[in-house]
Each structure stands twice: as C-alpha cells, then as structure tokens.
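For reference, the chains in residue letters:
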Amino acid sequence: MGFRIGFGFDTHRLEEWREFWLGGVLVPHTKGATGHSDADVLIHAICDALLGAAALGDIGTHFPDTSEEFKGIDSKILLKKSCDLIRSEGYTIGNIDSTVVLQIPKISKYIPEMILLLADVMGIPRGSISVKAKTSETLGFIGREEGVSAYAVALLDSRS
Ligand code: CDP
Ligand code: ZN
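Residues numbered from 1 in each chain as written. Chains lettered and ligands numbered in written order. Predicted model: local features only at pLDDT ≥ 70, side-chain atom pairs only at ≥ 80, totals over all residues. Heavy atoms only, no water.

A closer look at helix α4 (residues 111-122)
For step 1, the next point in the chain: Given a rise of 1.5 Å per residue, 12 residues ought to cover 16 Å, and the 16 Å separating the end C-alpha atoms of α4 matches this to within 8%.
For step 2, the next point in the chain: Regarding α4, the residues found buried are Ile-111, Met-114, Ile-115, Leu-118, Ala-119, Val-121 and Met-122. Mapping the buried residues of α4 onto a view down its axis gives an arc of 165°, with all of them on the same face. Pointing more than 90 degrees away from the buried face of α4 are the exposed residues Pro-112 and Asp-120.
For step 3, the next point in the chain: Residues of α4 that are buried make contact with β2 (21-22), β3 (25-26), α1 (41-53), α3 (75-88), β5 (92-101) and β6 (129-134).
For step 4, the next point in the chain: Of the residues flanking the end of α4, it is Gly-123, one or two places downstream, whose phi is positive at about 70°. (Helix = DSSP H or I, 4+ residues; strand = E, 2+ residues; numbered from the N terminus. Expected span 1.5 Å × (residues − 1). Buried < 20%, exposed > 50% of the residue type's maximum accessible area, 1.4 Å probe, protein only. Arc of directions from axis to C-beta. Contact = heavy atoms within 4.5 Å.)

Here it is in structure tokens:
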C-alpha cells in the first residue's frame, strides 16, 4: 500500500479563566479552550490526521465526548492511543505538518517545547514534526478571540 496521507482539523471556543492547552503545553493567556477533554485543538487535529491517514475514523469515534472516561483527559494520552492504534495496524509515522490559527497570544516561543513533547509522545524524531502559527488578520471568530483552530497533515508508511 505504501504511503498514506491524512488530514485533520479542529476548532475550540476560547473562554475566560480556562487553562489553555496547546500542543501539550499550558500557554499563559487570559482565556483558554473549552471542551470535554483538555480541549487541546492542535493535538486533536494531529490525532484526526493520523487516524484519517489509516482510514480509522476520527477522534470522536475512538474517544467519544459522551464518555466519562475522557472527561478532562490530557490529550497527550489520546495522541499516544492514536499512535498505538495506527502502529497496531502496521503503519509507521512519517511526518506531521500543522498550523494553529489564533489571534492572540503569539505562540511561536512555545513551539519548540510543543515539538519536543509531541515527538516524545508519538515516538518520532523532532525533525518529523512541524508546528506553525497564524493569526486570522482579526477576521471572523478567531479574529474576535472567540476561538482557535488547528489544521494538520500526517504521512504514514505501511511498507516497513
Ligand atoms: O505574516 P502572515 O500574515 O503570514 O502571518 P500572521 O498571521 O500575521 O502571523 C505572523 C507570524 O506570527 C507567524 O508566522 C507566526 O510565526 C507568528 N504567530 C504566532 O506566533 N502566534 C500566533 N497566534 C499567530 C502568529
Ligand atoms: Zn478538539
């Protein structure tokens, strides 16, 4: 079968006085993302890209937001479980590229730590993970600081 590509997207609301988990890092901000788990939008997009590449559904299929088991869960656990699942299906992870769309705060200084953490959880080299950041140029819900989105692509290899 060879190479398989996957794409993931996620959005979460931003609300005041919530923790803001992004790429496994607690980002200091006046607002944080809300959701059933820790609402880590970047990790969720990466999980969906990995699962999508293996045609294994999405994060909601495997970790339903109706389940008490996943309430407030650290998304790094969901990422580890997603990686275990795709490896059990015979795939190896090639590389991940991703973009976070967030008006404020600037997150570029946290990206090296995100990459370190994600590489460790996923069991792949740091050089195989890319995280980028964009504002929405003040447009739309992201521009109004009401939400955050993330996009990710993943490449899997089933030959080795
Ligand atoms: O310049 P361009 O319109 O392509 O991008 P931008 O949305 O103005 O963002 C400029 C740069 O700021 C990005 O390339 C990121 O390095 C950084 N950035 C960030 O660190 N955190 C954000 N929340 C958004 C952007
Ligand atoms: Zn999510």
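Still more ground to cover, so stick around.
Remarks on the coordination of the zinc ion (ligand 2)
For step 1, the next point in the chain: Taken together, the protein ligands of the zinc ion (ligand 2) are Asp-10 (OD), His-12 (NE2) and His-44 (ND1), with distances of 1.9 to 2.0 Å.
For step 2, the next point in the chain: All donors to the zinc ion (ligand 2) come from one chain, and their sequence spacing reads D-x1-H-x31-H. Per residue, the accessibility class of Asp-10 equals that of His-12, and both read buried. (Donors = N, O, S within 2.8 Å, 3.2 Å for Na, K, Ca; no water.)

Digging into the site of ligand 1
For step 1, the next point in the chain: Looking at ligand 1, the residues that line it are Leu-102, Pro-105, Lys-106, Ile-107, Ser-108, Ala-133, Lys-134, Thr-135 and Glu-137.
For step 2, the next point in the chain: One of the side-chain nitrogen or oxygen atoms of Lys-106 is found 3.1 Å away from an oxygen atom of ligand 1.
For step 3, the next point in the chain: By residue class, the composition of the shell around ligand 1 is four nonpolar, two polar and three charged. (Near = heavy atom within 4 Å. Polar contact = N/O pair within 3.5 Å; in protein donor to acceptor, adjacent residues only side chain to side chain. Nonpolar A, V, L, I, M, F, W, Y, C, P; charged D, E, K, R; others polar.)

So, unusual backbone geometry
Excluding glycine, residues mostly have negative phi values, and the peptide bonds linking residues are mostly trans.
For step 1, the next point in the chain: A cis amide bond links Ile-104 to the next residue, Pro-105, at an omega of 0°.
For step 2, the next point in the chain: You can see Pro-105 is positioned in the loop between β5 and α4.
For step 3, the next point in the chain: The phi torsion at Glu-137 lies on the positive side, around 55°, for a residue other than glycine.
For step 4, the next point in the chain: Here Glu-137 is to be found in the loop between β6 and α5 (140-143).
For step 5, the next point in the chain: Residue Glu-137 is classed as exposed on the basis of its relative accessible area of 62%.
For step 6, the next point in the chain: Located in the positive-phi region is Thr-138, a residue other than glycine, with phi close to 65°.
For step 7, the next point in the chain: Relative to the helices and strands, Thr-138 resides in the loop between β6 and α5.

Considerations on the packing of aromatic side chains
For step 1, the next point in the chain: Inspection of every chain in the model, using the stated rule, returns three aromatic pairs.
For step 2, the next point in the chain: Seen from their ring centres, Phe-9 and Tyr-151 are 4.9 Å apart, and the 50° between their planes marks the pair as tilted. In this pair, Phe-9 sits in strand β1 (residues 3-16) while Tyr-151 sits in strand β7 (residues 147-157), placing the two residues 142 residues apart along the sequence.
For step 3, the next point in the chain: Pairing Phe-63 with Phe-70 gives two aromatic rings, centres 5.4 Å apart and planes at 80°, and the pair type is edge-to-face. Accessibility classification places Phe-63 together with Phe-70 in one group, the buried group.
For step 4, the next point in the chain: Through pairs of rings, three or more aromatic residues link up here, namely Phe-7, Phe-9 and Tyr-151. (Phe/Tyr/Trp six-rings, centres within 6.5 Å; stacked < 30°, edge-to-face > 60°.)

Here's the deal with the side chain of Ser-136
For step 1, the next point in the chain: Structurally, the position occupied by Ser-136 is in the loop between β6 and α5.
For step 2, the next point in the chain: You can call Ser-136 buried: its relative accessible area is 16%.
For step 3, the next point in the chain: At a separation of 2.7 Å, a polar atom in the side chain of Ser-136 contacts the main-chain carbonyl oxygen of Leu-139.
For step 4, the next point in the chain: In terms of polar contacts, Ser-136 uses its side chain to reach the backbone amide nitrogen of Gly-143, at 3.1 Å.
For step 5, the next point in the chain: Non-local contacts of Ser-136, meaning those with residues more than four positions away in its chain, are made with Val-101, Gln-103, Ile-142 and Gly-143.

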